[in-house]
Amino acid sequence: RQHQARGLGHAVWCARRLIGPDESFAVMLPDDVIAAETSCLKQMVDAHAKTGGCMVAAMEVPREKASAYGILDVSEDMGSLVQARGMVEKPKVGEAPSNLAVIGRYILTPDVLHNLEKTEEGSGGEIQLTDAIAQEITEGRNVFGYRFQGERFDCGSKAGFLQATVAFALERPELREELSLF
Ligand code: G1P
């Protein structure tokens, strides 16, 4: 439990005792709801079995929205997989290294927890998970972005929450007919 709102990185750090010293672990941000035939995290677990290192879900966003996300600086684009040479949390408008955004699914190594010990307040005055992952790249370890198959809803916004509600309802036979009347 995170007793103070000090940022996503701090929240993950609060869970450090639940994670074994040699175990990779997953982080899921529940305000990113993803509709997919194979769950986004399962897609990533399968890809991660071949790559190791750290992996973040990734999705192209409109350039003008890049400053709402963690953004990947890509060194090699292999299609569904990209290798990152940097990551920046909520870059200023016009300063984003790409429009490939981090979405709330992560597979991380315990090294990231160690990095979090030393991570200083970053964007928004919060301890940022993005900064602790970027530290991995600085130390010469691999960080990958994974372009998942599926549709992502930003349930941190009212419109995104409503879109998700409607999209999931339309998938349900007992609700589809009544909803389609609108
Ligand atoms: C968090 C992360 C950010 C990521 C985003 C995805 O930001 O810090 O890197 O791109 O989730 O939804 P938040 O939306 O909590 O500000």
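Residues numbered from 1 in each chain as written. Predicted model: local features only at pLDDT ≥ 70, side-chain atom pairs only at ≥ 80, totals over all residues. Heavy atoms only, no water.

Caption draft 1: Expanded view of the side chain of Glu-136. One can find Glu-136 in helix H4 (residues 129-138). For Glu-136, a relative accessible area of 2% puts it in the buried group. A polar atom in the side chain of Glu-136 sits 2.8 Å from the side chain of Asn-115. Not counting residues within four places of it along the chain, the set of residues in contact with Glu-136 comprises Cys-54, Thr-109, Asp-111, Val-112, Asn-115, Arg-141 and Val-143. (Helix = DSSP H or I, 4+ residues; strand = E, 2+ residues; numbered from the N terminus. Buried < 20%, exposed > 50% of the residue type's maximum accessible area, 1.4 Å probe, protein only. Polar contact = N/O pair within 3.5 Å; in protein donor to acceptor, adjacent residues only side chain to side chain. Contact = heavy atoms within 4.5 Å.)

Caption draft 2: Examining the environment of Asp-154 more closely. Considering the arrangement of structural elements, one finds Asp-154 in strand E8 (residues 151-154). Along the chain, Asp-154 and Ser-24 lie 130 residues apart, while their C-alpha atoms are 26 Å from each other. Polar contacts involving the side chain of Asp-154 include one to the main-chain amide nitrogen of Gly-156, which spans 3.0 Å.

Caption draft 3: Representation of the packing of aromatic side chains. Counted by the stated rule, this structure contains one aromatic pair. One Lys or Arg, Arg-16, reaches over the ring of Trp-13 and ends 3.7 Å from the middle of that ring. (Phe/Tyr/Trp six-rings, centres within 6.5 Å; stacked < 30°, edge-to-face > 60°. Lys NZ or Arg CZ within 6 Å of the ring centre and 35° of its normal.)

Caption draft 4: Broad picture of the pattern of salt bridges. According to the stated counting rule, one finds 11 salt bridges in the structure shown. Here Arg-147 and Asp-77 are joined by a salt bridge, their closest N and O atoms 3.0 Å apart. Placement of the pair is Arg-147 in strand E7 (residues 143-147) and Asp-77 in strand E4 (residues 70-77), with a sequence separation of 70 residues. Shared partners join several salt bridges into a network, and the residues in it are Asp-111, Glu-136, Glu-139 and Arg-141. (Salt bridge = Lys/Arg side-chain N within 4 Å of Asp/Glu carboxyl O.)

Caption draft 5: Expanded view of the pairing of E7. Of all five residues in E7, four are buried, a share of seventy percent or more. Sheet topology note: the strand E5 (residues 81-89)/E7 ladder contains three bridges and is antiparallel. The residue bridging Leu-81 from the neighbouring strand is Tyr-146, located in E7. (Pairing = 2+ DSSP bridges.)

Caption draft 6: Inspection of the nonpolar core at higher detail. One finds Leu-72, Met-87, Tyr-106, Leu-108, Leu-129 and Ile-133 to be the most contacted residues of the largest nonpolar core, which totals 26 residues. For this core, the elements supplying multiple residues, two or more each, are strand E1 (25-28), strand E3 (54-60), E5, strand E6 (100-108), helix H3 (110-118) and H4. Formed by 19 residues, the second largest nonpolar core is a distinct cluster that contains Leu-41, Met-44, Met-55 and Ile-107. (Core = buried A, V, L, I, M, F, W, Y, C linked by side-chain atoms within 4.5 Å.)

Caption draft 7: Structural context of the site of the ligand. As a matter of local geometry, the ligand sits amid Leu-8, Leu-29, Asp-32, Tyr-69, Gly-70, Glu-89, Lys-90, Val-102, Tyr-106, Gln-128, Thr-130 and Arg-152. In the environment of the ligand, an oxygen atom lies 2.7 Å from a nitrogen or oxygen atom belonging to the side chain of Lys-90. Here an oxygen atom of the ligand and a side-chain polar atom of Thr-130 are 3.4 Å apart. Its free accessible area being 380 Å², the ligand has 78% of it covered by the protein chains. (Near = heavy atom within 4 Å. Areas by Shrake-Rupley, 256 points an atom, 1.4 Å probe, with all protein chains shown as cover.)

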